[in-house]
Amino acid sequence: MQELLTVMRRLRGPGGCPWDQEQTHETLRPYLLEEAAEAADAVAQGPQALADELGDVLLQVAFHSVIAEGEGTFSYAEVERGIVDKLVRRHPHVFGQTQVSGSEEVVSNWQAIKAAERGGKPRSAADRVPAALGALAREAKTQKIAGTAKTGREGVAAALNAAPDSEGGVAEVLAAAVAWARGLGVDPEVALRAHTARTLAALPDEAR
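Everything numeric here is computed off the predicted structure, so don't read it as measured data. Sequence order sets the numbering: in each chain, residues are counted from 1 along the sequence as written. Under the rules for a predicted model, residues below a pLDDT of 70 receive no local features and side-chain atom pairs below 80 are neither given nor counted, while totals for whole chains, interfaces and linings still include all residues. With hydrogens and water stripped out, all remaining heavy atoms of the structure feed into the side-chain values.

## Some thoughts on the packing of aromatic side chains
Inference 1: Geometry of aromatic contacts follows a simple scheme: Phe, Tyr and Trp rings, the Trp one being its six-membered ring, pair when their centres are within 6.5 Å, and the pair is stacked under 30 degrees between planes, edge-to-face over 60, tilted otherwise. Going through the model one piece at a time under the given rule, you end up with two aromatic pairs.
Inference 2: Where tryptophan 19 meets tyrosine 31, the ring centres are 5.7 Å apart and the plane angle is 85°; that geometry is what we call edge-to-face. In this pair, tryptophan 19 sits in helix α2 (residues 18-22) while tyrosine 31 sits in helix α3 (residues 29-42), placing the two residues twelve residues apart along the sequence.
Inference 3: Note on classification: 1.4 Å probe, protein chains only; a residue is buried when its accessible area is under 20% of the maximum for its type, exposed when over 50%, partly exposed between these limits. By relative accessible area, which is 39% here, tryptophan 19 ends up partly exposed.
Inference 4: Residues tryptophan 19 and phenylalanine 63 carry aromatic rings whose centres are separated by 6.4 Å and whose planes lie at 65° to one another, so their mutual orientation is edge-to-face. Taken together, the residues span a long stretch of sequence, with tryptophan 19 in helix α2 and phenylalanine 63 in helix α4 (residues 47-71) at a distance of 44 residues. Here a helix means four or more residues in a row that DSSP labels H or I, a strand means two or more in a row labelled E, and each is numbered from the N terminus.

## With respect to a positive patch on the surface
Inference 1: Each patch groups residues whose relative accessible area exceeds 30% and which form no salt bridge, using 9 Å between like charges and 5 Å between nonpolar side chains of Val, Leu, Ile, Met, Phe, Trp and Tyr. With residues, only the protein chains shown are counted as cover, and all accessible areas are computed by Shrake-Rupley using a 1.4 Å probe. Put simply, a salt bridge is a Lys or Arg side-chain nitrogen that is within 4 Å of an Asp or Glu carboxyl oxygen. Positive residues here are Lys and Arg, negative ones are Asp and Glu, while His and the chain termini are left out of the count. Where a charge sits is defined by one atom per residue type, namely NZ (Lys), CZ (Arg), CG (Asp) or CD (Glu). Taken together, Arg118, Arg123, Arg128, Lys141, Lys144 and Lys150 make up a surface patch of like positive charges.
Inference 2: In this structure lysine 141 comes out as partly exposed when scored by relative accessible area, which is 37%.

## Digging into the nonpolar core
Inference 1: Leu5, Met8, Leu28, Ala62, Phe63, Val66, Ile67 and Tyr76 together form the largest nonpolar core, which totals eight residues.
Inference 2: Looking at this core, the elements that each hand over two or more residues are α1 (2-12) and α4.
Inference 3: Ranked by the residues each element gives to this core, the list is headed by α4, at four residues.
Inference 4: Contacts were defined at the residue level, with two residues in contact if any of their heavy atoms lie within 4.5 Å. Once you skip the residues sitting within four places of it in the chain, phenylalanine 63 turns out to touch Met8, Arg12, Trp19, Asp20, Gln23 and Leu28. Nonpolar cores are built from buried Ala, Val, Leu, Ile, Met, Phe, Trp, Tyr and Cys residues. Side-chain atoms within 4.5 Å join them into one set.

If you want it as structure tokens, here you go:
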């Protein structure tokens, strides 16, 4: 990691790369999202592909850290220290004396610890669902927060029969499909991404 940070400092420093020198936290946002998505896709492609894509994600961490270092706002060491402290703090059943009966209690404790970290201040629903998530992932998370019932295929059929031929109608059917996926224990975002990847792989290459 230190070698990666050294390379990034060289790229951002005098005599470095003009493109890298011009980047800001804001201009790098699309790349951070893209690299995270490509890493998620690589899970289905095998360990080597995943290792490569995780390297690209790590590059984004280093890039933002070096930018912040130059601005005097934070350093990579603070990023690293923060996540280590957070993991230890949120796993008292491993690093402390807390006893848990299983993963459900781990999740419950995790949420309680997060709330305590905020001083008990509640977060709005919008704050709990990142805007940068894919639309299907956002809908699934929103449904979970809202307590929307998981459904079967009959829910999709009912939504389709009732939906008008409009943007709103399409949205209702998509939301019903997400509820169906949740009922099956399927991540709708991952499922559709995999379907899209299969479709793209089957298409012929574009002639040059």
